[in-house]
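A structural walkthrough
These are the residues of each chain, in order.
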Amino acid sequence: MEYTCWFRTTDTLIFLQDFLKYSDQDQHPPKWRQELTIGIRIDQVELSPFGTEASAVGKRDIIFLIDSSMGTIIINAVREFIRRFTDTMPIGPDQVQVGVAMFSTTPRMEINLNSFSSKKTLNSALARIKPKSSVEVNIGAALNFVRTNMLTAESGSRMQDQVPQLVLLLTSKKSKDSVQQPAEALRQMGVLTLAAGSRAADEAELMQIAFNEYLVFMLKDFRMLLRNPREIISPLSTLSGVVVTESPTEPAMDKVIPLVQNTIPPLTSKKHKGQEGHIGIIGGCQEYTGAPFFAAISTLKVGADQSHVFCTKDAAPVIKSYSPDLIVHPVLDSPNAVEEIEKWLPSLHSLVVGPGLGRDDVTLKNAKEIIKRSKLREMPIIIDGDGLWLVENEPSVIQGYQRGILTPNFKEFTRLYEATHHEPPDSTDYKRSAQQLSIALGHLTLVLKGEEDIITDGKNMLTCNQESSGRRCGGQGDLLSGSLGVFAHWAFSSPPDATKGMNPSLVAAFGATSLTRQCNHQAFHKHGRSTITSDMIQEIGSAFKTLFES
């Protein structure tokens, strides 16, 4: 039996609080029913005291994120709480999976979700958890670590299969770093984060972290977990995920263009080279040299200061011959490609992966590793072309990364959808299918290119129908991905109020799609049927001025 607690911001506080007070002996749940956008699905199970297994607990992935600076006595109590909790759960790869990470100033993995498939081996691993003294803790970094390292298919997360993802933070200190963006990134992925604090923990900070105010627990001492565990065991055992019940919100075009304008940095004489952005392009092989050039030159035409192309050795001379404005690195197929490219990552502001990449095993392997290392630097990553083929075969490479943006055409979108849903998308409702794909990939921002461009992060939806033309020339998707690399850097570098609370990835994607369509429209007006991408690139300056500077 299950029922759903529908909520929207403040409404949630009442309904979820009522649930936590709800008596197991009552025969009927409260009659909650609101036509709201987002919900928490709650499974009704028979909760048991420590020592006996609960009944009807559904599949779930639970990660315990533990402040390791709390001292031996407290860590032992927390460890015993987790052990007793797991003893009551049906542990296994097709049931409940448990992971553990610890943190002080830096996070570390203790137990991956797929490390142990039985209670016995899991309990043995729990016994090895040790404290680590520290005066300060970085909870924000720890939350990001969980998101990028543990909530992935490689680490055992079943998010792609719609299995509920829960994180329980336990800390006794206020964080030295900011928790707002890391917590919001988890929330956007649909992760249900619970936050428990004691001693010097900041309750207001924990409320920022938790999915909901009533998933915050303040205890005098974590040894209380062993005496009265029910308050926390209840939501860990019953909350089973975020449910989208209506179409995402869709603001009008004229409401979004001003947000794009807010993120565009002004041109002043006081700025120095590099402030407008250094963009990296991962792609370019013997067969495909035009795509990386189109993407790279578009970044400069939009306003970036430098554009770096990391390509194979054979492609480099050709790409260099197209323009002296590009910085070309012939390293993508070299034995130490990852190390060579990683040296440049600290100076880059965003990355575009896929234009002209090809499907050679060596370059795809290198691209995959570069994506992983770029994620650690929290830079925007745009994936297009053969980069999407990589995601199709290994979704975990970008799944859940909130600064990742995919830009598929119809065929690429169909393959991605079938890879994640094992069935074709609904041909009668591509907006809904795009939303579903975004959710399956951890609320990644998706740009489905077509007659109208559909942009969604699974919660919000934008439709760009800026006038273009009937001419679709090869390479204009590279103009889009390159310009998006710049817009994404600007959007994520802007103050939060610039986008008025809208996901910066959505704002950036809308800016890039609008610009690409306007370039197509202007080029077609001049060249008609003979329009090619080089003609469109020549229109970037005037199209940009028309859209964003008039």
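What counts, and where the lines are drawn
Residues numbered from 1 in each chain as written. Predicted model: local features only at pLDDT ≥ 70, side-chain atom pairs only at ≥ 80, totals over all residues. Heavy atoms only, no water. UniProt positions renumbered as here; feature names shortened; annotations may be inferred. Helix = DSSP H or I, 4+ residues; strand = E, 2+ residues; numbered from the N terminus. Areas by Shrake-Rupley, 256 points an atom, 1.4 Å probe, with all protein chains shown as cover. Contact = heavy atoms within 4.5 Å. Pairing = 2+ DSSP bridges. Right-handed = clockwise from strand over helix to strand, strands pointing away. Buried < 20%, exposed > 50% of the residue type's maximum accessible area, 1.4 Å probe, protein only. Axes fitted to C-alpha atoms, helices over the stretch in contact; angles between N-to-C directions. Polar contact = N/O pair within 3.5 Å; in protein donor to acceptor, adjacent residues only side chain to side chain. Expected span 1.5 Å × (residues − 1). Core = buried A, V, L, I, M, F, W, Y, C linked by side-chain atoms within 4.5 Å. Phe/Tyr/Trp six-rings, centres within 6.5 Å; stacked < 30°, edge-to-face > 60°. Parallel < 35°, antiparallel > 145°, perpendicular 65-115°, else oblique. Left-handed = near helix turned anticlockwise from the far one by under 90°. Nonpolar A, V, L, I, M, F, W, Y, C, P; charged D, E, K, R; others polar. Patch = residues over 30% accessible without salt bridge, like charges linked within 9 Å, V, L, I, M, F, W, Y side chains within 5 Å. Salt bridge = Lys/Arg side-chain N within 4 Å of Asp/Glu carboxyl O. Lys, Arg positive; Asp, Glu negative; His and termini not counted. Charge placed at Lys NZ, Arg CZ, Asp CG, Glu CD.

In the annotation of an unreviewed UniProt entry, the entry for the protein reads ATP-dependent (S)-NAD(P)H-hydrate dehydratase, and the organism field reads Onychostoma macrolepis. In its Cofactor (unreviewed entry) section, the UniProt entry covering the protein states "Mg(2+)". Quoted verbatim from the Function (unreviewed entry) field of UniProt, the annotation for the protein is "Catalyzes the dehydration of the S-form of NAD(P)HX at the expense of ATP, which is converted to ADP. Together with NAD(P)HX epimerase, which catalyzes the epimerization of the S- and R-forms, the enzyme allows the repair of both epimers of NAD(P)HX, a damaged form of NAD(P)H that is a result of enzymatic or heat-dependent hydration."

This part covers the overall build of the protein. Helix and strand counts for the protein come out as 20 helices and 18 strands. When the accessible surface of the protein is summed, it comes to about 22700 Å², and 49% of that surface belongs to carbon and sulfur atoms.

On to the side chain of Ser374, then. When you line up the elements, Ser374 lands in helix α13 (residues 361-376). Sequence-distant contacts of Ser374, defined by excluding residues within four places in its chain, comprise Leu345, Leu351, Met379, Ile381 and Tyr401.

So, about the pairing of strand β8 (residues 216-219). As judged from the 4 bridges shared by strand β7 (residues 192-198) and β8, these two strands associate in the parallel manner. Bridge pairing in β8 places Ser198 opposite Leu219. The handedness of the β7 to β8 crossover, carried by helix α6 (residues 203-209), is right-handed.

It is worth spelling out the side chain of Asp384 at this point. Summarising the element assignment, Asp384 is placed in the loop between β14 (381-383) and α14 (386-393). When its relative accessible area of 4% is taken as the criterion, Asp384 is described as buried.

Turning our eyes to something else, we now look at the sheet that holds strand β4 (residues 96-103). Within the open sheet, the 6 strands sit side by side as β5-β4-β3-β6-β7-β8. Their pairing is mixed. Each of the sheet's edge strands pairs with one partner strand only, and the pair in question is β5 (107-111) and β8. This sheet shows a mean twist of 20° between the axes of neighbouring strands, independent of strand direction. Looking at chain direction, strand β3 (residues 60-67) and strand β6 (residues 165-171) are connected through 6 bridges and run parallel. When the bridges of β6 are listed, Phe64 appears paired with Leu168.

Positionally, His421 belongs in helix α15 (residues 410-421). Classification of His421 as partly exposed rests on a relative accessible area of 23%. In contact with His421, other than residues within four places in its own chain, are Gln436, Leu437 and Ala440. At 2.9 Å, the side chain of His421 forms a polar contact with the side chain of Thr420.

Here strand β13 (residues 350-353) shows a buried face lined by Ser350 and Val352 and a second buried face lined by Leu351 and Val353. The pairing of strand β10 (residues 278-282) with β13 spans 4 bridges and is parallel. Of the residues in β13, the one forming a bridge with Ile281 is Val352. In the sheet, β13 pairs with β14 via 3 bridges, with the strands oriented parallel. Across the sheet, residue Val352 finds its bridge partner in β14, namely Ile382. For the segment spanning β13, α13 and β14, crossover handedness is right-handed.

With that settled, the discussion passes to the sheet that holds strand β12 (residues 327-330). Across the sheet, which stays open at both edges, the 9 strands sit in the order β12-β11-β10-β13-β14-β15-β16-β17-β18 with mixed pairing between neighbours. Where the open sheet ends on each side, the last strands, each with one partner, are β12 and β18 (461-464). Each strand of the sheet is rotated relative to its neighbour by a mean of 15°, with strand direction disregarded. In the sheet, β10 pairs with strand β11 (residues 306-311) via 5 bridges, with the strands oriented parallel.

Working note: α-helix, 3.6 residues per turn, so residues spaced by three or four point in the same direction. Between its first and last C-alpha, helix α10 (residues 290-302) extends 18 Å over 13 residues, near the 18 Å set by a 1.5 Å rise per residue. A large share of α10 lies buried, amounting to 10 of its 13 residues. Among the residues trailing α10, Gly303 stands out with phi positive, at a value near 140°.

Before going further, it helps to spend a moment on the nonpolar core. One recurring pattern in soluble globular proteins: nonpolar side chains tend to sit buried together. In this structure, Phe64 and Ile66 are the most contacted members of the largest nonpolar core, which totals 63 residues. Ranked by size, the runner-up nonpolar core spans 54 residues in total, among them Ile405, Leu462, Leu480 and Ala491.

Now for the packing of aromatic side chains. Counted according to the given criterion, the structure contains 11 aromatic pairs. Measuring from ring centre to ring centre gives 6.4 Å for Phe413 and Tyr430, while their planes differ by 70°; the resulting arrangement is edge-to-face. In this pair, Phe413 sits in helix α15 while Tyr430 sits in helix α16 (residues 430-440), placing the two residues 17 residues apart along the sequence. The exposure class assigned to Tyr430 is partly exposed, which follows from its relative accessible area of 25%. Here the aromatic residues Phe410, Phe413, Tyr417 and Tyr430 are joined through ring pairs into a cluster of three or more.

Right, let's talk about the packing of α15 against α16 for a bit. When two helices pack together, their arrangement is given by the angle between the helix axes and the distance between those axes. Put simply, α15 and α16 touch, their axes get as near as 10 Å, and they point 55° apart. Taken together, the axes of α15 and α16 are oblique relative to one another. Between α15 and α16 the crossing geometry is left-handed. Contacts from Phe410, Phe413, Leu416, Tyr417, Thr420 and His421 in α15 reach Tyr430, Ser433, Ala434, Gln436, Leu437 and Ala440 in α16. Class assignment of the residues belonging to the contact of α15 with α16 gives a composition of 8 nonpolar, 4 polar and no charged.

A word on a negative patch on the surface. Taken together, the side chains of Glu287, Asp314, Asp333, Asp360 and Asp361 make up a negatively charged region of the molecular surface. Among the structural elements, Asp360 can be located in the loop between β13 and α13. The class of Asp360 is partly exposed, set by a relative accessible area of 45%.

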